Amino acid sequence: MAWFKRTQKGIQTPTEQKKDVPKGLWYKSPTGKIVDADQLESNFYVSPEDGYHVRIGSTEYFKILFDDNNFKELDKNLSAKDPLNFKDSKKYTERLKTAQEKTDLKDAIRTATGKSKGKDIVIACMDFKFIGGSMGSVVGEKIARAADYAIEHKLPLLIISKSGGARMQEAVLSLMQLAKTSVKLAQLAEAKLPYISLCTDPTTGGTTASFAMLGDINISEPGALIGFAGPRVVKDTTGKDLPKDFQTSEFLQEHGFLDFITKRSELKNKINLYLDLIQNQPVRA
């Protein structure tokens, strides 16, 4: 059993030869479950131990929803300006530059078109890692253009929301996007084209108050945080104690704000099933 014992004393490893465990090999869910990163990815970024849906972005959702991850990105280089010359602890232009360099994204949403289960669809997906998924003028504009593209090509639209709300640095310009996106979705409805809204964790603020709740079908992933304002603000406003977990997707479905809750592993099949049923088309296998 000598290999359990150190036969030489005083052995030291030079600092430059010490190795850390590479980041990303393991993931710890909020319930304390440890999951191998490769296993997590192969399981649609859902912890197999407790079913926790890890936050993911447009790259992962496009890979899940588009056939063979093949799609054409729309308005790829659209980026925000700073017409208000906004500055808090740093200039808004600096925040944008930092976020773009850190995330390799132009803004908090990407839009694309491609085939899902063999049929074309337009998907707009928000990225929380870009300034908290905040909704600014670019988010509103890209959703509007995605709706226009869907109308022009007679395609269904899916919007995946993941947002902390309106972007403070754009003030009223950000709030204007609520009306802008709502009008475009109304035009989509007039064209008799389906719109599915997928609310993921978190969907809050102006996003919830506009396009996230305007779907022909509003769906969500399990355990997602969905609401307008935080629990403290709601309690102070209403003066009432709040039910437990009142801003979870399960609570909202129970009270009629959501139509379905769909596990991520079933997301592609369920979305296309809904589209086939809405459009009175043969159900795809």
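Starting afresh in each chain, residues are numbered from 1 along the sequence in its written order. The predicted nature of this model means local features are confined to residues of pLDDT at least 70 and side-chain atom pairs, given and counted, to a pLDDT of 80 or more, with totals for whole chains, interfaces and linings taken over all residues. Calculation of side-chain values draws on the structure's entire complement of heavy atoms; hydrogens and water are dropped beforehand.

**Observations concerning the pairing of strand β8 (residues 217-220)**
Then comes step 1: Note on exposure labels: buried denotes an accessible area under 20% of the residue type's maximum, exposed denotes more than 50%, and partly exposed covers the range between, all computed with a 1.4 Å probe on protein chains only. Strands here mean DSSP runs of E at least two residues long; helices mean DSSP runs of H or I at least four residues long; both are numbered from the N terminus. Burial along β8 is two-sided: Ile217 and Ile219 facing one way and Asn218 and Ser220 facing the other are all buried.
Then comes step 2: Note that strand β7 (residues 195-203) and β8 share four bridges and pair parallel. The residue bridging Ile196 from the neighbouring strand is Ile217, located in β8.
Then comes step 3: Across two bridges, the pairing between β8 and strand β9 (residues 260-261) is parallel. Directly across from Ile219, in β9, lies its bridge partner Phe260. One requirement defines pairing of two strands: DSSP has to find at least two bridges between them.

**Thoughts on helix α8 (residues 267-278)**
Then comes step 1: Residue count minus one, scaled by 1.5 Å, sets the expected span of a helix. With twelve residues, α8 should reach 16 Å at 1.5 Å per residue; the first-to-last C-alpha distance of 16 Å fits that figure.
Then comes step 2: Of all the residues in α8, the buried ones are Leu267, Ile271, Asn272, Tyr274, Leu275 and Asp276.
Then comes step 3: Note on α8: the residue one or two positions beyond its end, Asn280, has a positive phi of about 55°.

**Concerning the environment of Asp120**
Then comes step 1: Relative to the helices and strands, Asp120 resides in strand β5 (residues 119-126).
Then comes step 2: The sequence separation of Asp120 and Asp67 amounts to 53 residues, and the corresponding C-alpha distance is 9.9 Å.
Then comes step 3: Here, two residues are considered to be in contact whenever any of their heavy atoms come within 4.5 Å of each other. Not counting the four nearest positions on each side in its chain, Asp120 is found in contact with Gly114, Lys115, Leu155 and Pro156.
Then comes step 4: Of note is the side chain of Asp120, whose polar atom sits 3.4 Å from the side chain of Lys115. In the analysis that follows, any N or O atom pair within 3.5 Å is treated as a polar contact, provided that within protein one partner can donate a hydrogen and the other can accept it, and provided that, for residues neighboring in sequence, both atoms belong to side chains.

**Description of the side chain of Ser197**
Then comes step 1: Following the sequence through the fold, Ser197 ends up in strand β7.
Then comes step 2: A residue is classified by how much of its surface remains accessible, and Ser197, at 0% relative accessible area, is buried.
Then comes step 3: Polar side-chain contacts of Ser197 include one of 2.6 Å to the backbone oxygen of Ala212.

**Re the state of the cysteines**
Note on terminology: disulfide describes a covalent bond linking the sulfur atoms of two cysteines.
Then comes step 1: Any two cysteine sulfur atoms within 2.5 Å of one another count as a disulfide. Taken as a whole, this structure holds zero disulfides when the rule is applied.
Then comes step 2: We note that Cys125 lacks a disulfide partner, and the nearest cysteine sulfur, in Cys199, lies 12 Å from it.

**Side note on unusual backbone geometry**
Then comes step 1: In this model, Asp201 is joined to Pro202 through a cis peptide bond whose omega is -5°.
Then comes step 2: Within the secondary structure, Pro202 is located in strand β7.
Then comes step 3: A positive phi angle, near 55°, is found at Asp68, a position not held by glycine.
Then comes step 4: In this fold, Asp68 is placed in the loop between α2 (58-65) and β3 (71-74).

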